[in-house]
Amino acid sequence: QVQLVESGGGLVQTGGSLRLSCAASGRTFSSYAMGWFRQAPGKEREFVATITWTGGSTYYADSVKGRFTISRDNAKNTGYLQMNNLKPEDTAVYYCAARRSPMASWSQNLYDYWGQGTQVTVTV
């Protein structure tokens, strides 16, 4: 089985940047597509970004296009979410997820493994 651990969250001002990391252990991370999701207090968890296991294709929620970049380093079994030009509405707990498929997906129901989340807070 795969275990995922997020890191890199924190407090940042509007317009700032953060890079989240998702370290995978267990089975080879490069065999799994991965995604990032986020959940704000009182709201449902929503899709942020996803990437194929080869890293050849990426997809983003409209709310983060042009600001966030998802990537992966399979040699390190680590995925990343680079977040630029952060806005207060980006404040949420961010979760890394992986699925036993090479195909990326925006649907959280298709993911098999989840991290515990890392808090991102954006202030004005």
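Residues numbered from 1 in each chain as written. Predicted model: local features only at pLDDT ≥ 70, side-chain atom pairs only at ≥ 80, totals over all residues. Heavy atoms only, no water.

**Considerations on the nonpolar core**
The tendency in soluble globular proteins is for nonpolar side chains to be buried as a group.
Alright, step 1. Formed by 33 residues in total, the largest nonpolar core has its most connected members in Trp-36, Leu-81, Met-83 and Tyr-94.
Alright, step 2. Going through the elements one at a time, strand E1 (2-7), strand E3 (18-26), strand E4 (33-39), strand E5 (46-51), strand E7 (68-73), strand E8 (78-83), strand E9 (92-99) and strand E11 (118-123) are the ones with two or more residues in this core.
Alright, step 3. Residue contacts for Met-83: discarding those within four places in its chain leaves Gly-16, Ser-17, Leu-18, Leu-20, Arg-67, Phe-68, Tyr-94 and Val-120. (Core = buried A, V, L, I, M, F, W, Y, C linked by side-chain atoms within 4.5 Å. Buried < 20%, exposed > 50% of the residue type's maximum accessible area, 1.4 Å probe, protein only. Helix = DSSP H or I, 4+ residues; strand = E, 2+ residues; numbered from the N terminus. Contact = heavy atoms within 4.5 Å.)

**Section: the pattern of salt bridges**
Alright, step 1. Summed over the entire model, instances satisfying the criterion amount to five salt bridges.
Alright, step 2. Measuring nitrogen to oxygen at the nearest pair gives 2.9 Å for the salt bridge that ties Asp-90 to Arg-38. Of the two residues, Asp-90 is situated in the loop between E8 and E9 and Arg-38 in strand E4; the sequence distance between them amounts to 52 residues. Taken as a pair, Asp-90 and Arg-38 share a single burial class, namely buried.
Alright, step 3. Residues Arg-100 and Asp-112 are paired through a salt bridge, measuring 3.6 Å at the closest nitrogen-oxygen approach. (Salt bridge = Lys/Arg side-chain N within 4 Å of Asp/Glu carboxyl O.)

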